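Report on the structure
In case you want the letters, here they are:
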Amino acid sequence: MTTRLDHVGVNVRDLTAQTAWYQGAFGLRTVFEFHLEGPGLSGVVLEHADGWRVELLARPGSAPGLRAPDPLTAALTEGYGHFAVTTPELDPVHEALVALGAGEVMKPGPSPEPGVRMAWVSDPEGNLIELIEKKPR
């Protein structure tokens with residue numbers, strides 16, 4: 001069986017603001033936008049030049065779910081807790097995201113995975129994002 005991850009879905013309150021933030025923070029471009037009249041669900045699929053995608057979804061009447069302040073607290077609730085991106089230069093990416101309004105959750109440091117560094121931020125609505133720096137093998 002051949003599979004690969006296509007996208008991560010993030011439910012958001014303010015679709016316009018979150019779309020602008022993800023585009024600016026990660027250099028994502030809009031692939032397509034949609035609206036489902038029945039449930040009133042709106043969404044946008046954003047894509048990075050490397051092919052990874054984030055789908056932002058918004059629905060009137062939504063309420064905040066888990067907004068864990070850090071990954072250890074998020075792990076106390078079953079289900080999806082974060083998504084992760086890799087970068088060859090962790091420190092400047094972490095600094096740039098914080099400057100663009102990301103919440104600083106965990107400063108860059110060693111990961112439990114040998115030879116890997118990590119940091120954590122949250123988007124403007126509090127969704128956790130892990131940043132990973134892997135050294136070439």
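Since the structure is predicted, the reported quantities are computational estimates derived from the model, not experimental observations. (Residues numbered from 1 in each chain as written. Predicted model: local features only at pLDDT ≥ 70, side-chain atom pairs only at ≥ 80, totals over all residues. Heavy atoms only, no water.)

**Thoughts on helix H1 (residues 15–26)**
Across its 12 residues, H1 extends 16 Å between first and last C-alpha, which sits within 8% of the 16 Å expected from 1.5 Å per residue. Those residues of H1 that sit buried are Leu 15, Gln 18, Thr 19, Trp 21, Tyr 22, Ala 25 and Phe 26. End-on, the buried residues of H1 take up no more than an arc of 165°, which puts them together on one face. Check the buried side of H1 and you find it contacts strand S1 (7–11), strand S3 (41–47), strand S4 (53–58), strand S5 (83–86), helix H3 (90–99) and strand S8 (128–134). Measuring from the backbone nitrogen of Thr 16 back to the side-chain oxygen at the start of H1 gives 3.3 Å, which picks out Asp 14 as the cap. Of the residues one or two after H1, Gly 27 is the one with positive phi, at around 65°. (Helix = DSSP H or I, 4+ residues; strand = E, 2+ residues; numbered from the N terminus. Expected span 1.5 Å × (residues − 1). Buried < 20%, exposed > 50% of the residue type's maximum accessible area, 1.4 Å probe, protein only. Arc of directions from axis to C-beta. Contact = heavy atoms within 4.5 Å. Polar contact = N/O pair within 3.5 Å; in protein donor to acceptor, adjacent residues only side chain to side chain.)

**With respect to the sheet that holds S3**
In spatial order, the strands read S1-S4-S3-S2; together these 4 strands make up an open sheet with mixed pairing. Edge positions in the sheet fall to S1 and strand S2 (29–36), since each of these pairs with one other strand and no more. Across the sheet, the axes of successive neighbouring strands diverge by a mean angle of 20°, strand direction being ignored. In terms of strand pairing, S1 meets S4 through 5 bridges, oriented parallel. Counterpart to Gly 9 in the pairing with S4 is Glu 55. Across the face of the sheet, H1 comes into contact with S1, S2, S3 and S4 while running at roughly 5° to S3. (Pairing = 2+ DSSP bridges. Axes fitted to C-alpha atoms, helices over the stretch in contact; angles between N-to-C directions.)

**Considering the pairing of S5**
Residue alternation in S5 divides its side chains into a buried set, Phe 83 and Val 85, and an unburied set, Ala 84 and Thr 86. The sheet contact formed by S5 and S8 spans 4 bridges and is parallel. Bridging across to S8, Val 85 finds its partner in Leu 131.

Bear in mind that shape data such as this cannot, by itself, settle questions of function.
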